[in-house]
Amino acid sequence: MMSPVVLIQYCVIFVAGFLVTTLLAAPTLLFQGFNWESCNKQGGLYNSLVNSIDDLAAAGVTHVWLPPPSQSAAPQGYMPGRLYDLNASSYGNEEELKSLIKSFNNKGIKAIADIVINHRTAEKQDERGVWCIFEGGTPDDRLDWGPSHICKDDIEYSNGMGNADTGEPFPPAPDIDHLNPRVQNELSDWMNWLKTDIGFDGWRFDYARGYSSSITKVYMTKTSPDFAVGEYWNSVATGQDGKPEYNQDKHRNEIMNWVQESGGGSLTAFDFTTKFILQAAVEGELWRLIDPNGKPPGLIGILPGSAVTFIDNHDTGSTQKISPFPSDKVMQGYVYILTHPGIPSLFYDHFFDWGLKDELTKLSAVRARNEITATSQVKILAYEAELYVAVIDEKVIVKIGPKMDLGNLIPENFKLDTSGDQYAVWEKLP
């Protein structure tokens, strides 16, 4: 027979283990906490988001992606200069950011920093009159670089002393030479400072095509983020009608290769393949939502555990509208990504401005209740022009499209959980 002390210790260990297991079982749900106009938010974005944390926690959000935090030549933060200077941001100051992240953490939500390191804007000109002298934002010389830290083929800014660019160019600002050891070390130190001093737990790599996957691997290795996602935004092949071609294997394979070559692990990538196929499919072409092997046609069909699915972001939607999801079909898109494999991401506009918070929260609850994860199994039951039906983990059935005649697709032991304009979700009865 156990002594009382041993019994208590055993119970504490058991309960702690149960709690850890429960927390780990919660499906990852990302939330983009800003849009293209958030830099103009009255009172600052950071202070505004504090008031929304309870709603995000109730929706099952586990990670929130925040905008670039540093001083920038453009108010949105994507033309950064003094990287350590978090007090010159349009979104708020350093203390407000730290307070916001702490408040998120208190609700079990981790903060993801938008890491813009492909390029930097300079603080002043060199003797040639070229803007290529960088200031890090500290009293010492950390991140204080010159023209030799710019890729030599970026001839508008460099002095020809750097290495060649390992990725695609970015004409609006100097392309940083990521093969330079000082660049690698000092950027890694800055990212680790964002973790230890500011409170971030992970990264969103902006413009990941701007430098090679081997460079991304360096920063992943040197900073060990809890979660990371890359913006590897490549163009889908289109037909003469301007619509995406049915087979997008080349597109999704490029993203998969980037993830794997960048080290894998906690690194994921935005599933642009699924976004572009899905937004074409909901326009009366739902047959697109199956590949020749009977699986989802996006990255979630070949590497679901590393795929972050989304409907829109600050570039594709918001006020930029580079490639927006059909506005009247947005909930159909969310029904798909919130019931399917991959790591779904909710967009600020849809959650706060479009009145979709309650429906998104319902769908998130279905996902959590049925323990749908990034690697859940999908069986596609119907894929016609106006009807898509799939069962996930034999627990949840989702229907998208205007067709109402479902025949015998929905078994009697499934109950309708939620429905809306051209979508419905059923859960298996206990």
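Calculation criteria
- Residues numbered from 1 in each chain as written.
- Predicted model: local features only at pLDDT ≥ 70, side-chain atom pairs only at ≥ 80, totals over all residues.
- Heavy atoms only, no water.
- Helix = DSSP H or I, 4+ residues; strand = E, 2+ residues; numbered from the N terminus.
- Expected span 1.5 Å × (residues − 1).
- Contact = heavy atoms within 4.5 Å.
- Buried < 20%, exposed > 50% of the residue type's maximum accessible area, 1.4 Å probe, protein only.
- Pairing = 2+ DSSP bridges.
- Axes fitted to C-alpha atoms, helices over the stretch in contact; angles between N-to-C directions.
- Salt bridge = Lys/Arg side-chain N within 4 Å of Asp/Glu carboxyl O.
- Right-handed = clockwise from strand over helix to strand, strands pointing away.

Caption draft 1: Highlighting helix α11 (residues 357–369). Taking 1.5 Å as the rise per residue, α11 with 13 residues should run 18 Å; its terminal C-alpha atoms sit 18 Å apart, in good agreement. Summarising the contacts, the buried residues of α11 are in contact with α9 (330–339), β10 (343–347), α10 (348–353), β13 (396–400), β14 (414–420) and β15 (423–428). Directly beyond the C-terminal end of α11, a positive phi value near 55° is found at Glu-371.

Caption draft 2: Inspection of unusual backbone geometry at higher detail. Of note in the backbone geometry, Lys-321 takes a positive phi value of approximately 50° without being a glycine. If you trace the backbone, Lys-321 turns up in the loop between β9 (307–309) and α9. When its relative accessible area of 53% is taken as the criterion, Lys-321 is described as exposed. The backbone of Glu-371 sits at a positive phi, close to 55°, despite the residue not being glycine. Looking at where Glu-371 falls in the secondary structure, it is placed in the loop between α11 and β11 (378–384).

Caption draft 3: Region of interest: the sheet that holds β14. The five strands are arranged β11-β12-β13-β15-β14 in an open sheet whose pairing can be described as antiparallel. In this open sheet, the two strands that pair with only one neighbour each are β11 and β14. On average, adjacent strands in this sheet sit at an angle of 15° to one another, irrespective of strand direction. Bridging between β13 and β15 involves five bridges; their strand directions are antiparallel. Bridge pairing in β15 links Lys-399 to Ala-424. Relative to β13, α9 is tilted by about 155°, and along the sheet it contacts β12 (387–392), β13 and β15. Seen against the sheet, α11 touches β13, β14 and β15 and runs at an angle of roughly 155° to β14.

Caption draft 4: Layout of the pattern of salt bridges. What the rule picks out here adds up to 28 salt bridges. Between Asp-140 and Arg-142 there is a salt bridge, and its shortest N-O distance comes to 3.0 Å. For Arg-142, a relative accessible area of 34% corresponds to the partly exposed category. Of the charged contacts in the structure, one is a salt bridge between Arg-252 and Asp-291, with a shortest N-O distance of 2.9 Å.

Caption draft 5: Highlighting the pairing of strand β7 (residues 227–230). On β7, burial covers both faces: Phe-227 and Val-229 on one face and Ala-228 and Gly-230 on the other are all buried. Two elements, strand β6 (residues 202–205) and β7, share four bridges in a ladder whose sense is parallel. Bridge assignment links Trp-203 to a residue of β7, and that residue is Ala-228. Following the chain from β6 across helix α6 (residues 213–223) to the adjacent parallel β7, one finds a crossover that is right-handed. The pairing of β7 with strand β8 (residues 267–270) spans three bridges and is classified as parallel. The residue bridging Val-229 from the neighbouring strand is Thr-268, located in β8.

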